[in-house]
Amino acid sequence: YTLPTSQGAAGSILTNDGSGNLSWGNGGVSFIQKSTTQSVTSSTTLVDDNAFTFTLAANKTYEVTGVLRMDCGSTGHMKVQFVAPTSSTEFITAFVNRSAQDDVTYILSPTTSYDISSLGATSSTTDMVEVKGIVTTSSTSGTFKLQWAQQTSNSTSTTVYSGSYIKVTLVQ
């Protein structure tokens with residue numbers, strides 16, 4: 001066995017590459033909690049979320065879970081896209097919990113945006129969007145990130161609030 005030459009950072013764990021080489025790592029879990037609120041107004045152009053960017057290895061499967069606190073106008077709606085490395089596949093659900101009714105959107109492609117508030121969230125309420133699913137990379141490693149915008153351009157801001165989080169866990 002080959003041990004690391006220095007102490008790991010707080011919260012890190014020893015990982016094994018299968019050949020006896022030990023190193024400090026996160027155990028395949030990346031957790032990001034949004035520290036600042038971000039808004040988009042009068043725009044349908046997808047923007048990178050200012051917090052949610054992850055690095056994925058090639059030929060791996062990851063579980064994606066999280067909760068987004070969001071707010072949008074009743075006619076602006078919100079669209080999202082989870083961008084993944086080239087030739088990746090994904091199956092992610094976005095469950096929007098509202099007091100009047102709930103909505104589930106199936107996100108099946110890393111190259112397509114999806115309206116996750118099609119049942120008309122109102123600007124007077126904050127919705128909780130639960131995301132859960134898997135992303136499988138092919139032979140290309142790279143960035144996995146959340147992009148979002150208004151589905152229909154509207155002067156009422158579409159917002160993702162601080163405290164929202166996404167966790168990406170390596171499962172195989």
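Calculation rules
- Residues numbered from 1 in each chain as written.
- Predicted model: local features only at pLDDT ≥ 70, side-chain atom pairs only at ≥ 80, totals over all residues.
- Heavy atoms only, no water.
- Phe/Tyr/Trp six-rings, centres within 6.5 Å; stacked < 30°, edge-to-face > 60°.
- Helix = DSSP H or I, 4+ residues; strand = E, 2+ residues; numbered from the N terminus.
- Buried < 20%, exposed > 50% of the residue type's maximum accessible area, 1.4 Å probe, protein only.
- Pairing = 2+ DSSP bridges.
- Core = buried A, V, L, I, M, F, W, Y, C linked by side-chain atoms within 4.5 Å.
- Contact = heavy atoms within 4.5 Å.
- Salt bridge = Lys/Arg side-chain N within 4 Å of Asp/Glu carboxyl O.
- Polar contact = N/O pair within 3.5 Å; in protein donor to acceptor, adjacent residues only side chain to side chain.

Caption draft 1: Broad picture of the packing of aromatic side chains. One pass over the full model with this rule turns up four aromatic pairs. Aromatic side chains Phe-91 and Tyr-106 sit 5.9 Å apart centroid to centroid with 20° between the ring planes, which places their arrangement in the stacked category. Residue Phe-91 is located in strand β8 (residues 89–97), and its partner Tyr-106 is located in strand β9 (residues 102–107); the two are separated by 15 residues in the primary sequence. Judged by relative accessible area, which is 47%, Tyr-106 ranks as partly exposed. Cluster of aromatic residues (ring-pair linked, three or more members): Phe-54, Phe-82 and Phe-144.

Caption draft 2: Representation of the pairing of strand β14 (residues 165–170). Here strand β3 (residues 29–33) pairs with β14 via five bridges, running antiparallel. Its bridge partner lying in β14, Gln-33 is registered against Tyr-165.

Caption draft 3: Structural context of the sheet that holds strand β10 (residues 114–115). Spatially, β5-β12-β7-β10 is the arrangement adopted by the four strands of the open sheet, whose pairing is antiparallel. At either margin of the open sheet sits one strand with a lone partner, and together these are β5 (47–56) and β10.

Caption draft 4: Expanded view of the nonpolar core. Ranked by size, the top nonpolar core spans 30 residues in total, and within it Phe-52, Phe-82, Val-129, Phe-144, Leu-146, Ile-166 and Val-168 carry the most contacts. At the level of elements, β5, β6 (61–71), β7 (78–83), β8, β11 (127–136), β12 (142–150) and β14 are the ones that each hand at least two residues to this core. When neighbours within four sequence positions are excluded, Phe-52 is seen to be in contact with Ile-32, Lys-34, Leu-68, Phe-144, Lys-145, Leu-146, Ser-164, Tyr-165 and Ile-166.

Caption draft 5: Spatial organisation of the pattern of salt bridges. Within the structure shown, the criterion is met by three salt bridges. Between Lys-34 and Asp-49 there is a salt bridge, with its nearest N and O atoms 2.9 Å apart. Here the residue Lys-34 occupies a position in the loop between β3 and β4 (38–40), and Asp-49 occupies one in strand β5, the gap between them amounting to 15 residues. Just as Lys-34 is buried, Asp-49 falls in that class too. Across the pair Lys-132 and Glu-63 runs a salt bridge whose closest N-O atoms are separated by 3.5 Å. Here Glu-63 lies in strand β6 and Lys-132 lies in strand β11, a separation of 69 residues in the sequence.

Caption draft 6: View of the side chain of Ser-109. Its location among the elements puts Ser-109 in the loop between β9 and β10. Of note is the side chain of Ser-109, whose polar atom sits 2.9 Å from the side chain of Thr-111. In this structure, Ser-109 is in contact with Glu-90 and Tyr-114, ignoring residues within four places of it in sequence.

Keep in mind that these numbers describe shape and distance, not what the molecule does.
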